[in-house]
Protein chains: 2
Amino acid sequence: MEMHNFSSGPSILPPEVLQKASEAVLNFNNSGLSLIEISHRDPSFVEIMNSARNLALELLNLENKGYSALFLQGGASLEFVRVANNLLKVDGKAGYINTGNWANNAQNEAAYFGAVVEIASSKDKNYSYIPKNIVVPNNLDYLHITTNNTIYGTQFKDFPETDVPLVCDMSSDIFSRNLDFSKFDLIYACAQKNAGTSGINLIVVKDELLNKTRSIPNIMNYKKHIERESMYNTPSVFSVYVSYLTLKWLKDLGGIAAVDRRNLAKANLMYSEIDRNSLFYGTAAVEDRSTMNVTFFLKDEKLTTTFDELCLSEGIYGVKGHRTAGGYRASMYNALPMTSVQKLVEVMQRFETRFL
Amino acid sequence: MEMHNFSSGPSILPPEVLQKASEAVLNFNNSGLSLIEISHRDPSFVEIMNSARNLALELLNLENKGYSALFLQGGASLEFVRVANNLLKVDGKAGYINTGNWANNAQNEAAYFGAVVEIASSKDKNYSYIPKNIVVPNNLDYLHITTNNTIYGTQFKDFPETDVPLVCDMSSDIFSRNLDFSKFDLIYACAQKNAGTSGINLIVVKDELLNKTRSIPNIMNYKKHIERESMYNTPSVFSVYVSYLTLKWLKDLGGIAAVDRRNLAKANLMYSEIDRNSLFYGTAAVEDRSTMNVTFFLKDEKLTTTFDELCLSEGIYGVKGHRTAGGYRASMYNALPMTSVQKLVEVMQRFETRFL
């Protein structure tokens, strides 16, 4: 049966990436050795790491603009801590915009290291929208936002205007849409949505931002990791390779511009169906709807098991909503083909015919 | 050409582990989906995570003894910080034994969080031995040791007698030898030597040790990770699977007892040759020689290129010493077959015949 993978992360990867990753586990670069049993200092892997870092900057159009790219272990949850460690001054203050569970976690973890202020929040309506007309104080060490809210299906379309450094968790929409990435001073993202599989984070940071780092352990220090070219300690070798292959695939496809068009078309099809279909409804504010994670609900919850079984029987995987949000969520990352969205839409239509 | 992989880490894995890992990247459990693109909350992966954690405790003979096992991202270098975060009291003091570069790094990173005392050191002789007759103060929050020193080729055979919690970095010799692991209150190890590939750490900790954790971020908190069954945040899925396969392989082989015998035989053969061969010498104190990482040097450094080329031509990979130590290092982890050691010894003998 053909599978349609709507998983929210780890999530669908291009078939050619899976093929090459699988081969490398048996025999990397015709070395007679596996990728996962050679030294990370082997020139063949050092080249992969450097290429992956360069590809990230190239795709974001941030080459030669004073930015560095890192691939580090830990998950975005570790970057919550590292960001505060590197940017929050001992007597300083950081601003956070609370647009969901992850944004809130980022804020709570940072609060262990200094003063943290909630600048805006959409918690009042269960994170179903993105706060607008945000006034950002100019005495912040940085402003932190989560560009796309995986659980609730909302996404920043415009970004707060501010002179303070703009830091964003772009875990679930990096590389997915045309943006002027030079607006951001630090971008981080776990890899397992649009940038590979789990086990690493991409961090893209303006070098000049790191001159004020306070006294912190080496493993937390972005500057130290940049000096060591993302090899301060042993990287997650396999995950770096999958990111390299995924970014290479994206470049060959035509980069972010090409995928942006595809992603918009997929999102339009999916939202049109939710709006049209009499059995389902969406909760995210229309103007803030995410192109990556489409959340929707059954009007009649008693139909849940039947719809779940229909999805299962049609090879539709991973559409269950996050346990804190309920309902359904179709994650439509870069590698998800339009045909999978068409399939889900067709299944929803068939379901409507049956129960209307 | 048959390859002989002496890499110090990431390092050799059993062929059947590589085969299964490679297959899972294409099709996991006949799901039609790749292991690296399914949700980590998928029951099939949750089972892998739980099995890996249970296997670790079972192999160490620590089941039902009040210990928990975790697989977390970050590298052992992150555990340097997490250990201090969890165990070093605000007004407390931790003791460290400095037996090499990594031991020293562990100590330096902990010092960001409180008072740290060097209890013993072998730096005076370039870390070529393990300090003996160590007197451990009884007012420490914990004593930290590095059981095997990958760079210098030394290994603790006996452990300091102490009533304070004993914490050890067992990165390069966990699962390699018979020990009473219940001597230790917290064991951590990066996976890429005897427990899988890079991207995760195994942490085995006595639960009662964590009752005094100070206020620290969730991502640093072992207790939080135990509550969430090692899924507080998205794990490094592929690396966890490789660890699961590697530990399963070890269990099927007969566990630590079986591999201990094999490792001793490999080490004896290798050290006998270094002692016998007139062109080479070792520097590690004989009684402290590591069974995992055998360091050796050419008496005549001018022969370096020739020996390197001979190794290369014979498929011997990864015997270059660490950049800070120079010379050679044969890492002989669990998965390295005796035939690879025999090959290296044979090459050293042929080399001697040529240049004597």
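Residues numbered from 1 in each chain as written. Chains lettered and ligands numbered in written order. Predicted model: local features only at pLDDT ≥ 70, side-chain atom pairs only at ≥ 80, totals over all residues. Heavy atoms only, no water.

1. So, the domain arrangement of chain A
Residue and element names in this part refer to chain A. Domains assigned within chain A are domain 1 (4-10 + 255-355) and domain 2 (15-253). Between domain 1 and domain 2, the buried area comes to about 2400 Å², and carbon and sulfur atoms account for 53% of it. The largest share of the area that domain 1 buries against domain 2 comes from Ile256, Asp288 and Asn334, three residues that together contribute 25% of it. Summed over the shared surface of domain 1 and domain 2, the result is two salt bridges. The salt bridge partner of lysine 132 is aspartate 288, with a shortest N-O separation of 2.8 Å. Across the domain 1-domain 2 interface, the total number found is 17 residue pairs in polar contact (both at pLDDT 80 or more). Looking at the side of domain 1 that touches domain 2, the elements that each hand over two or more residues are α7 (255-276) and β12 (293-298). Element by element, the count of residues in the side of domain 1 that touches domain 2 is highest for α7, at nine residues. Residue composition of the side of domain 1 that touches domain 2, by class: twelve nonpolar, twelve polar and six charged. (Domains from an automatic or database assignment. Buried area = accessible area lost by both parts, 1.4 Å probe. Salt bridge = Lys/Arg side-chain N within 4 Å of Asp/Glu carboxyl O. Polar contact = N/O pair within 3.5 Å; in protein donor to acceptor, adjacent residues only side chain to side chain. Helix = DSSP H or I, 4+ residues; strand = E, 2+ residues; numbered from the N terminus. Nonpolar A, V, L, I, M, F, W, Y, C, P; charged D, E, K, R; others polar.)

2. Let's talk about the state of the cysteines
A complete count under the given rule lists zero disulfides over all chains for this structure. Cysteine B:Cys168 shares no disulfide, and the gap to the nearest cysteine sulfur, in B:Cys190, comes to 13 Å. (Disulfide = S-S within 2.5 Å.)

3. Thoughts on the sheet that holds strand β14 (residues 328-331) of chain A
All names here are of chain A. Across the sheet, three strands lie side by side as β11-β12-β14; this open sheet has antiparallel pairing. The open sheet has two free edges, formed respectively by β11 (280-281) and β14, since each of these has just one partner strand. In this structure, β12 lies alongside β14, joined through four bridges in antiparallel fashion. Along β14, the bridge assignment pairs phenylalanine 296 with tyrosine 328. Where α7 meets the sheet, it contacts β11, β12 and β14, and its direction lies at approximately 15 degrees from that of β12. (Pairing = 2+ DSSP bridges. Contact = heavy atoms within 4.5 Å. Axes fitted to C-alpha atoms, helices over the stretch in contact; angles between N-to-C directions.)

4. Description of helix α1 (residues 15-26) of chain A
The first and last C-alpha atoms of α1(A) sit 17 Å apart over twelve residues, in line with the 16 Å expected at 1.5 Å per residue. All of the buried residues along α1(A) are A:Val17, A:Leu18, A:Ala21, A:Ser22, A:Ala24 and A:Val25. Within α1(A), the buried residues cover an arc of 160 degrees as seen down the axis, which keeps them to one side. Here the buried face of α1(A) lies against α6 (237-253) of chain A together with α1 (15-26) and α6 (237-253) of chain B. (Expected span 1.5 Å × (residues − 1). Buried < 20%, exposed > 50% of the residue type's maximum accessible area, 1.4 Å probe, protein only. Arc of directions from axis to C-beta.)

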